Amino acid sequence: LEKKYKIYGIVRRNSCVFNYERIDHIKDKLNLKYGDLTDGSSLVSIINKIISTNPDFEVLEIYNLGAQSHVQISFENPEYTSLVDGVGTLKLLEAIRCLSVENQKKTRFYQASTSEMYGAVLETPQNEKTPFNPQSPYACAKLYSHFLVKNYREGYNLFACSGVLFNHESERRGDNFVTKKITNFVNAIKRLKNDINENNDENQELPILKLGNLNSKRDWGHAKDYVYGMWLMLQQENPDDYVLAMEETYSIREFVEKAFAKINITIEWQGENENEVGLDSKTKDILIKVDKKYFRPCEVELLLGDSSKARNKL
Ligand code: G4F
């Protein structure tokens, strides 16, 4: 919107009719259409409609950010994840391939590839040349899309890029991703402690944050920077794939400690594996418990990106 683009978005119909909370503040400035990545005809008709209502358009940038993007849920819904995150990309690429030559030349495609494709990493840090070793249905579907983009770029000369993005976070992150889960909880504890102090109610029980693997490491950045990176990829003369990363890695355990430090609580760890707990070192209240419900059948233990190509070229 800052770039004065005319923006179209695709919304999945669901029974909660107004499911727009994360875009509520800008919704009126967007052209939202019902569609679905599993419904190729909806994609074709939306793209055709955009082109026919903007006959003099200069460039059509298509960002495929749609996905079942939760890694753990992909083990529970593997087929759906594959259809949306894998075949959905094929449907979008086909919709572009079927445009007239003139319109195809004016269309640029961005695919949200992911550092999850490195999986059980075969090299550290990970860059564009690192071999992939996916560890979830989500990562397998994304890898299929990643190679499709390369095929369509090389085979049909489409301007199609993949951004291999490491974890990117913001206040808009969904509540069941680890950063938001932890920060929401720290916020709740801060409010509760304030209430307890104001009301002198020392018998009030504190809630407990249940987490899975505390030892996996992620290379986290801010989503806004990454979106800028996506846009830059589509402004280049030639399409290519790029890694975007902060080039620093921290464990979930460190993230927890740093988040609690913001409200002046030092976490003391006790126990091991699924019996591990985190206590407030002063009051000895248990604030965190490991719950094996959040362990994944296969875990990605260490992500650390090398984004020198993007830093040099973009
Ligand atoms: O926050 P997460 O669920 O993100 P994850 O799995 O790294 O995936 C995110 O980043 C990818 C890019 O690398 C994207 F492709 C993907 O779509 C998504 O945006 O989990 C981060 C880590 C994992 O190791 C997980 O096992 O945190 C660990 N974890 C520990 N306890 C937990 C929890 N993750 C979640 N979601 N919930 C927990 O309670």
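Look a little higher up for the structure.
Residues numbered from 1 in each chain as written. Predicted model: local features only at pLDDT ≥ 70, side-chain atom pairs only at ≥ 80, totals over all residues. Heavy atoms only, no water.

## Some points on the site of the ligand
No. 1: By nearness alone, 25 residues border the ligand, and Thr114, Ser115, Tyr138, Arg296 and Glu299 come closest of all.
No. 2: Between an oxygen atom of the ligand and a side-chain N or O atom of Ser115, the distance comes to 2.5 Å.
No. 3: Considering the ligand on its own, with 720 Å² of exposed area, one finds that the protein chains cover 97% of that surface.
No. 4: Mapped onto the shell around the ligand, the elements with two or more residues apiece are helix H6 (178–199) and strand E7 (209–211). (Near = heavy atom within 4 Å. Polar contact = N/O pair within 3.5 Å; in protein donor to acceptor, adjacent residues only side chain to side chain. Areas by Shrake-Rupley, 256 points an atom, 1.4 Å probe, with all protein chains shown as cover. Helix = DSSP H or I, 4+ residues; strand = E, 2+ residues; numbered from the N terminus.)

## Focus on the sheet that holds strand E13 (residues 277–280)
No. 1: Sheet architecture is open: 4 strands sit in the order E7-E14-E13-E12, paired in mixed fashion. Each having just a single partner strand, E7 and strand E12 (267–270) make up the two edges of the open sheet. With strand direction ignored, the average angle separating the axes of adjacent strands in the sheet is 25°.
No. 2: In this sheet, strand E14 (residues 286–290) lies alongside E7 in parallel orientation, the contact comprising 3 bridges. By the bridge assignment for E14, Leu209 is matched with Ile288.
No. 3: The strands touched by helix H8 (residues 252–261) within the sheet are E7, E12 and E14, with E12 carrying the most contacts at an inclination of about 145°. (Pairing = 2+ DSSP bridges. Axes fitted to C-alpha atoms, helices over the stretch in contact; angles between N-to-C directions. Contact = heavy atoms within 4.5 Å.)

## Some details on the sheet that holds strand E3 (residues 60–64)
No. 1: The sheet built from 4 strands is open, its strands ordered E3-E4-E5-E10 with parallel pairing. Of all the strands in the sheet, just E3 and strand E10 (242–244) have a single pairing partner and so form its edges. Strand-to-strand twist in this sheet, taken as the mean axis angle between neighbours without regard to direction, amounts to 25°.
No. 2: Across 7 bridges, the pairing between strand E4 (residues 107–114) and strand E5 (residues 159–165) is parallel. Bridging from a neighbouring strand, Arg108 pairs with Phe159 of E5.
No. 3: Against the sheet, helix H3 (residues 78–97) contacts E3 and E4, and its axis sits at roughly 165° relative to E4.

Everything listed here is a matter of geometry and, on its own, says nothing about what the molecule does.
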